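# Tertiary structure, described
For reference, the chains in residue letters:
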Amino acid sequence: MGIPSFVESEHRPLVFALNGQRVELSSVDPATTLLSYIRSETPFKGTKRGCGEGGCGACVVMLARYNPVTKEVKESSVNSCLVLLCSIDGCAITTTEGLRGGGNNLHAIQKRISAFHGSQCGFCTPGMTMAIYGCLKHDQQQQRSLTPVGDRTHSKPSCEKLERALQGNICRCTGYRPLLDVCKSFAWDVDLEDLGLNTCWADKSGAKEENLPPYEPNADPQFPKFLVDELEARKVPSEPTQTETLQSVGERFRHVESSNEGKRERLWVTASTLNELRERLHVLNQTNQQLKLVVGNTSAGIYKDLRPDVFLDISQIPELLTLRRDDHGLEVGAATRIAELIDCLESFGAGKSPVAEGLAEHLKKLAGGHVRNWGSVGGNLVMAQKFAFASDLATILLGAGASARVVDLGGAHPSVAELPLDDFLAKGALGNNSILQSVHIPLVAYSREVVFKTFRAAPRPYGNAVSFSNAAFLVHISREREEVVIETARLAFGAFGTKHAIRALKVEELLKSKTLSLSLVKEAVEALKKEVVPLEGTSMKEYRTSLNVGFLFDFLNSLLSGEPTVTSTHLFPHVGKQNFTLTDDRFPLSQPIAKFLSQNQASGDAVYVDDIPSPPHCLHAAFVLSSEPYAAFDVDTAAARDSTGVVTFISVDDIPGENIGIINPYNGAKEILFAGGIVFYVGQPLGVMVADTYEHAQLAAGKVNVDYDTHSFGAPIMNCDEAVAKDSFHPMNPAFAPPHNPVGDAEESLKEADFKSEGIVTTKSQYHFYMETQTALAIPDEDDCITVYTASQALDCLQQVIAGCLSIPSHNVRVITRRLGGAFGGKAFRNMQIAAAVAVAAFKLRRPVRVSLDRNTDMQMVGGRAPTKTNFTVGFTKTGKITALKAKTLVESGWFVDNNDFNPMLITSGMKKYNYGTFDLTTILCRTNNVPKTAVRAPGDAEGSIIADAIVDHVASCLGISGNQVRDVNLHTSESIALFHGADAVGGADGFTLPAMWERLKSRARIDEREKEIMEFNAQSKWVKRGLAMASCTYGAFTFGNTATVSIFGDGSIAVEVGGVEMGQGLYTKVRQTVAYCLSPLWKKNKDVDMIPNIRVLQSDSLSLPNSFCDGGSTTSEGSCAAAQQACEVLVQRLQPVVEQLAKDKTDGEVSWEYLCTMAKLMQIDLQSHERWVSPMKPYVLFGAGASEVEVNLLTGETRILAVDLIYDSGKSINVAVDIGQVEGGFVFGIGFVLTEDVERDAKGKLLSDGTWTYKPPTMDTIPQKFNVELYNSPEHKDRILSSKAVGEPPLVLVGSVYSAIRNAIRAARKDHLGSNADSDAFEFSPPATADKVKSLCGLDNVEHHLLSALKPSKTIPHGKLV
Ligand SMILES: Cc1cc2nc3c(=O)[nH]c(=O)nc-3n(C[C@H](O)[C@H](O)[C@H](O)COP(=O)(O)OP(=O)(O)OC[C@H]3O[C@@H](n4cnc5c(N)ncnc54)[C@H](O)[C@@H]3O)c2cc1C
Ligand code: FES
Ligand code: FES
């Protein structure tokens, strides 16, 4: 039976406001999200798609609802990628564009983001803007509702509240520190002097409110009057009368799709009372259509494959919206949004109910704020019950003793059942006619006899990451003299690998009426391990069990001792200092001017490829990827071709020219575009489905059947060991031979070494996680020409690829890139394949075709950093001086070579950061049936550098001495650096700034004192250990040639084109400053003359500025500036005589810039100069030093970074703000590599961590709480362009200090357990330091071990499980 035909008695179109304008839609596909509507149907493109699953915040908009009864407006930030369009009826939506005030005046948030250098690539910026705005509005609302005007102590949010507003937003570029400064600039408890570098004031004396772009809440967008009137006028829906037929009510929107597969309908049905809902369900349940009850629809971020036919909106049913306090607690309607529940719990006030406080605090770590604003309590609980979702809410409500009210609407009258939450969760999915109506939370009042506490361990401390495990405990106790008696206990555990949260009933029983003692705690722990057991197949089973043990121990131990077991350092507010020296004599070089067009990025005006409106008749492509690593294949597109909107499938057979997808500009290596006959890795493109819309193309791609024949092939090679066994290697490229390798005779030195030790260190992959996924728009033109707009780091190569594929000359191919929403190496090579695919499709179909990868496909297709495995033997003296290092590194490069043949050189260079005396590294490029690995920020160098730090730490562990001591004695001297990296590369004494920076850092960061303090802390602290470590940076850079065209116009404006691409690194900003500086002989060299606004850097265009190179290696800014400098010099030479000539006619001898340009144009002087800067092609070494302090929680394995101090030598910086941004951003990218980002693949090489649910780039809560950066004031250097040095990637390697600091904390933990045996405890510790890894190194059984030894103090307990 199909979908019944409902017709609403009074059919009303969907009406809402978008940025103050009325929108009325009479026909809507119910599956349409707000994001896809905004992006495809409106001119507002500021709202971005970064993940489509609620995990990145790029799509955040403001949603305001008006209540005609209370006349109140409620505004909240939401993820528009999860909100269904149909559910915003009557709402007002504001995007970042809508924040602009009269006269197009930007909002204070937008201006401050630009002023505080909080936008680099800008792709996250609109989402950040809206997140901050959401927080301000929420606070204003809360102030209004909670606090009588006279009682308000402040009218702004706190720093912590504002910082936490960014919890659900990812920024991959900035490292968050400047964004957090923007947040704090709106807070009541900020000292403005503590805010970082900005353009509002030059020094602390200017740090005053009046110098900030003013914020006037009353000028913020108001709920539109027309909508208020309409909502007031709307009739309250009447209950259907007995005589009314079902068909006369309910249906709001019906969408019909016809294709060869038949007709598919989607329906949006609303129910405004329980009775109506009963009627709807009665009819709908008789059909075989898939029905979804909808409140917030946020579950779609997780369960994406569920595609309901009928959406039944229950969000407006009054019985589901109750939020009522009674004598026993709180009744919470199931459709109550989680944020509303938090507000309500908080409204109880401090010290009133431990349960209310505990729940509210825990809930603030659930998801991100935008999800909480829209996701409902009932939705969460039903997900927990129906889909075994790892819910926090279910666990903590279970712990609090909540019950559920379930209504069965199947009979003539609703029947209500009150179930304890345990029973509700255990019940399994509700029947077709049942719904969750509400939950009741008993809110026990505060007393000394009631204790409620919740726990969670997750990849990120403050949210937007589901828990590895969570728990909530409620106990009633009595105290007898010094003793604590547990009268009753409720112990709930969830998310640990269970179908749903459960109570540990046996442990509860065990504790009941017992006097608490350590032996009772031990008994409880033992019982818990038997009762709360992760299901078979759960990942990290032992770790999750150890978490549960840790939670219980933490709780009981604190009851017993009367003190918290674990006190972690509070991370808010974040603070940071930036130190630098401005060189005024080269004005405007070095000045911290705001990034070019950063205000446009914040306001949503900046145009990215996917923001370019689709041309008429534009089609959309979606990739079909291989799901086998090595097989012959046949594609069957029959089913897909019948899918709605499908045009065709483009495969290898449609390529008119050569099958090339990628040409590597450095080594000329070619990679195919589409697999032909055989696939070599999972994720390899087989072709693209082309359809009329993005959604249709994706749906159809999912319907392509691929037959694989794996029998005729050998087993695929899935890792380095298998590659070695089968001799499967990529050839080494002699052009990229490692420099100065080997150094001395390591073999011989090893023989003579005082001590010798062997070890292994591995590094895993890392995904770029650029916020803008790969995207391209190809538009065919006359005479076999084609224009491709794409986000590419290598336009020139892409032009060649497309020309080769299409068998047309390069001059027929125009590739245009205006800006990239982040790249980090991922758009240097892998982008070509994506853009070439749509070029082939467009060329064949003679229609524009565009593609924009969804996050999961992007992650599957784009191989990240190459994993490595290094076996080493190191020789050293008892002081830690390394005398020899011999190592072999296997690099898992994947099937195609991509840029992997650079890796031997880069890894070698990275490893040479310390003076080993003698050094011998062999690097082998393993060819496997995995996705090709590619450049990721600091490719090779990051891996090499971490391996080096791991080896130094290994030596320190072997000797039982401090890692810093070992680094000190192995720090390069001017002789050793020349030996290891080459004298030329160091740049003489002036260039070798490392020792000075190292010493400066040691004193500025008080390393020696802090080491002692930490030792004392660790001796006192049982369950939290700290570590401090320094690391150096010696990074080899190579500047490639570049081109520039500088064109001056008669009005004095200047257009500049350079070979480099703007991807957030501030290249265009530096070019503007360079041009202003280099043309300054033509105008007054005076700070009052600001030439910068006259200079526009144009988008990159492969025809307008051909034969550029590839952006990469951190030096493209330098190369572009060098080319621009050269072009300016030509213009100066040409125009200087004109200035002199014109000056003669002026009484004061002054020739204004505009006058000069007008006259020069009239005099027919060529005002354009095009130059190629030819690089001397000499590498040079960059230096830096870093120190990090971390804290590790031994019960959970979680790490917090307490403080980081970095000093980096970027030479005479061209823009200190840009360079500091690169240092901070690069370092935080590195934090991801060593701490949070864990790439997991299955046995076939399919990426398991392929989205924001499973892959965790750092968020604002994973950055250092104190983050100080200094740009070293290094002398001018004739061999460096404008005496500046590269900065994009090198500072990343300083993250070795975080990694080593964690190791030091783990060492301290192990020392507690191993005692004197820890002296030579050279345990293997490879990044990333995920919580499970750290915990297992500290001892998964550390609690049991502690209890055992505490109960038998006289005996030494052997530790069983330290790895
Ligand atoms: C990015 C992200 C991160 C998250 N992180 C966490 C986290 O850390 N911890 C955590 O606990 N949760 C987390 N969540 C889950 C989040 O809390 C839920 O997605 C949200 O609460 C669901 O509410 P909803 O109204 O959007 O549900 P919907 O998506 O509308 O519905 C969810 C399901 O419940 C059904 N349903 C809804 N209401 C009822 C009802 N009254 N009766 C019967 N069935 C009903 C629906 O039919 C559907 O099957 C996260 C979610 C996202 C998107
Ligand atoms: S696109 Fe919506 S949260 Fe990422
Ligand atoms: S500026 Fe935040 S992602 Fe690029």
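The protein chain carries the name Aldehyde oxidase in an unreviewed UniProt entry, which gives Physcomitrium patens as its organism. Taken directly from UniProt, the Sequence similarities (unreviewed entry) text for the protein chain runs: "Belongs to the xanthine dehydrogenase family."

To continue, consider the overall build of the protein chain. When helices and strands are tallied, the protein chain shows 39 helices and 45 strands. Relative to the 2.2 N^0.38 estimate, which gives 34 Å for 1363 residues, the radius of gyration of the protein chain is 32 Å and therefore close to what a compact globule would have. With the C-alpha coordinates of the protein chain rotated into their principal frame, the extents come out at 95 × 80 × 80 Å. The buried share of the protein chain, reckoned over its 1363 residues, is 64%. Across the protein chain, the fraction of contacts at a sequence separation of at least 24, relative to all contacts at a separation of at least 6, is 78%. Total accessible area on the protein chain stands at roughly 47600 Å², and carbon and sulfur atoms take up 50% of it.

Attention shifts here to the packing of aromatic side chains. Considering all chains together, one arrives at 34 aromatic pairs under this definition. Here the aromatic rings of Phe 680 and Trp 895 are separated by 4.4 Å at their centres, their planes lie at 5°, and the arrangement is stacked. One end of the pair, Phe 680, is in the loop between β26 (678–679) and β27 (685–691); the other, Trp 895, is in the loop between β35 (882–894) and α25 (903–911), and 215 residues separate them in sequence. Phe 680 gets classed as buried once you look at its relative accessible area, which sits at 17%. Accessibility expressed as a relative area gives 13% for Trp 895, which makes it buried. Aromatic side chains Phe 755 and Phe 876 sit 5.7 Å apart centroid to centroid with 15° between the ring planes, which places their arrangement in the stacked category. Residue Phe 755 is located in strand β29 (residues 755–763), and its partner Phe 876 is located in strand β34 (residues 868–876); the two are separated by 121 residues in the primary sequence. For Phe 755, a relative accessible area of 36% puts it in the partly exposed group. According to the relative accessible area criterion, Phe 876 is buried, its value standing at 2%.

Within this structure's numbering, the places UniProt gives as "binding site: Mo-molybdopterin" (unreviewed entry) are Gln 793, Phe 824, Arg 937 and Gly 1113. Across 321 residues, the annotated set stays spatially compact, with a maximum C-alpha separation of 12.9 Å. The topology assignment puts Gln 793 in the loop between β31 (785–790) and α22 (795–806). Excluding its chain neighbours within four sequence positions, the residues that come into contact with Gln 793 are Leu 820, Ala 823, Phe 824, Gly 825, Gly 826, Lys 827, Ala 828, Val 1061, Met 1063, Phe 1109, Cys 1110 and Asp 1111.

Glancing now at the UniProt feature "binding site: [2Fe-2S] cluster 1" (unreviewed entry) in the protein chain. In the numbering used here, UniProt assigns the feature "binding site: [2Fe-2S] cluster 1" (unreviewed entry) to Cys 51, Cys 56, Cys 59 and Cys 81. A maximum C-alpha distance of 10.3 Å is found for the annotated residues, which run over 31 residues; spatially they form one tight group. Mapped onto the elements of the fold, Cys 56 is located in the loop between α1 (34–41) and β3 (60–67). In this structure, Cys 59 sits in the loop between α1 and β3. Look at Cys 59 and you get buried, because its relative accessible area is 3%. The contact partners of Cys 59, leaving out residues within four places of it in the chain, are Leu 35, Thr 47, Lys 48, Val 78, Asn 79, Ser 80 and Cys 81.

This part is about the sheet that holds strand β40 (residues 1095–1097). Here four strands make up an open sheet; going across it, the order is β40-β39-β38-β42 and the pairing mixed. The open sheet has two edge strands with one neighbour each: β40 and β42 (1168–1173). With direction set aside, neighbouring strand axes in the sheet form an average angle of 15°. Across five bridges, strand β38 (residues 1042–1048) lies against strand β39 (residues 1054–1058) in antiparallel orientation.

Looking now at the nonpolar core. Of all hydrophobic cores here, the largest spans 239 residues; its most connected members are Leu 556, Ile 786, Ile 802 and Ile 1302. The next biggest cluster of nonpolar side chains, apart from the first, holds 65 residues, and it includes Phe 348, Ala 394, Ala 400 and Leu 419.

Time to look at the side chain of Asn 380. By the element assignment, Asn 380 lies in helix α11 (residues 377–387). Classification of Asn 380 by relative accessible area gives buried; the value is 7%.

This next bit is on a negative patch on the surface. A surface patch of negative charge is lined by Glu 449, Glu 480, Glu 482, Glu 483 and Glu 487. Here Glu 482 shows up in the loop between β16 (469–480) and β17 (483–494). Glu 482 gets classed as exposed once you look at its relative accessible area, which sits at 78%.

Surveying the vicinity of ligand 1 reveals 36 residues, the closest of which are Leu 293, Thr 298, Ser 299, Ser 376 and Asp 392. In this structure, an oxygen atom belonging to ligand 1 sits 2.8 Å away from a main-chain N or O atom of Gly 296. Taking Ser 376, its side chain carries an N or O atom lying 2.6 Å from an oxygen atom of ligand 1. Contact with the protein chains hides 98% of the accessible area of ligand 1, taken as 980 Å² for the molecule alone. In terms of residues, the shell around ligand 1 owes the most to one element, α11, which gives six residues. The residue makeup of the shell around ligand 1, split by class, is 21 nonpolar, ten polar and five charged.

For the rest of this paragraph, the subject is helix α19 (residues 694–702). Tyr 694, His 696, Ala 697, Ala 700 and Ala 701 are the residues of α19 that are buried. Each buried residue of α19 sits inside an arc of 165° when the element is viewed along its axis, so together they form one side.

Another point: helix α31 (residues 994–1004). If you check which residues of α31 are buried, you get Leu 994, Met 997, Trp 998, Leu 1001 and Lys 1002. Seen along its axis, α31 keeps its buried residues to an arc of 135°; they face one direction. Looking at the packing, one finds that the buried side of α31 touches α27 (963–970), α32 (1007–1020), β37 (1024–1038), β43 (1179–1193) and β44 (1199–1208). Looking at the residues trailing α31, positive phi occurs at Arg 1006, about 50°.

Moving on, we come to the pairing of strand β13 (residues 415–420). Two strands pair when backbone bridges link them, and strand β12 (residues 403–408) and β13 are joined in this way by six bridges, in the antiparallel orientation. Counterpart to Ala 404 in the pairing with β13 is Leu 419.

Following the sequence through the fold, Leu 1282 ends up in the loop between β45 (1266–1271) and α37 (1296–1314). Residues Leu 1282 and Ala 1122, 160 residues apart in the sequence, show an inter-C-alpha distance of 7.9 Å.

Another aspect to go through is the environment of Gln 599. Its place among the elements puts Gln 599 in helix α17 (residues 598–603). Among all residues touching Gln 599, those that are not within four sequence positions of it are Leu 106, Lys 111 and Ser 114.

All right, on to the pattern of salt bridges then. Within the structure shown, the criterion is met by 69 salt bridges. The residue Arg 100 makes a salt bridge to Asp 605 at a minimum N-O spacing of 2.8 Å. One end of the pair, Arg 100, is in the loop between β5 (92–94) and α2 (108–115); the other, Asp 605, is in the loop between α17 and β21 (619–625), with 505 residues separating them in the sequence. When its relative accessible area of 36% is taken as the criterion, Asp 605 is described as partly exposed. Linking Asp 949 and Arg 967 is a salt bridge whose minimum nitrogen-to-oxygen distance equals 3.1 Å. Here the residue Asp 949 occupies a position in helix α26 (residues 941–959), and Arg 967 occupies one in helix α27, the gap between them amounting to 18 residues. On the basis of relative accessible area, Arg 967 is assigned to the buried category, the value being 0%. Within the structure, one salt-bridge network assembled from shared partners comprises Arg 39, Lys 48, Asp 610, Asp 611 and Arg 850.

How each quantity is defined
Residues numbered from 1 in each chain as written. Chains lettered and ligands numbered in written order. Predicted model: local features only at pLDDT ≥ 70, side-chain atom pairs only at ≥ 80, totals over all residues. Heavy atoms only, no water. UniProt positions renumbered as here; feature names shortened; annotations may be inferred. Helix = DSSP H or I, 4+ residues; strand = E, 2+ residues; numbered from the N terminus. Rg over C-alpha atoms; globule rule 2.2 N^0.38 Å. Buried < 20%, exposed > 50% of the residue type's maximum accessible area, 1.4 Å probe, protein only. Contact = heavy atoms within 4.5 Å. Areas by Shrake-Rupley, 256 points an atom, 1.4 Å probe, with all protein chains shown as cover. Phe/Tyr/Trp six-rings, centres within 6.5 Å; stacked < 30°, edge-to-face > 60°. Pairing = 2+ DSSP bridges. Axes fitted to C-alpha atoms, helices over the stretch in contact; angles between N-to-C directions. Core = buried A, V, L, I, M, F, W, Y, C linked by side-chain atoms within 4.5 Å. Patch = residues over 30% accessible without salt bridge, like charges linked within 9 Å, V, L, I, M, F, W, Y side chains within 5 Å. Salt bridge = Lys/Arg side-chain N within 4 Å of Asp/Glu carboxyl O. Lys, Arg positive; Asp, Glu negative; His and termini not counted. Charge placed at Lys NZ, Arg CZ, Asp CG, Glu CD. Near = heavy atom within 4 Å. Polar contact = N/O pair within 3.5 Å; in protein donor to acceptor, adjacent residues only side chain to side chain. Nonpolar A, V, L, I, M, F, W, Y, C, P; charged D, E, K, R; others polar. Arc of directions from axis to C-beta.

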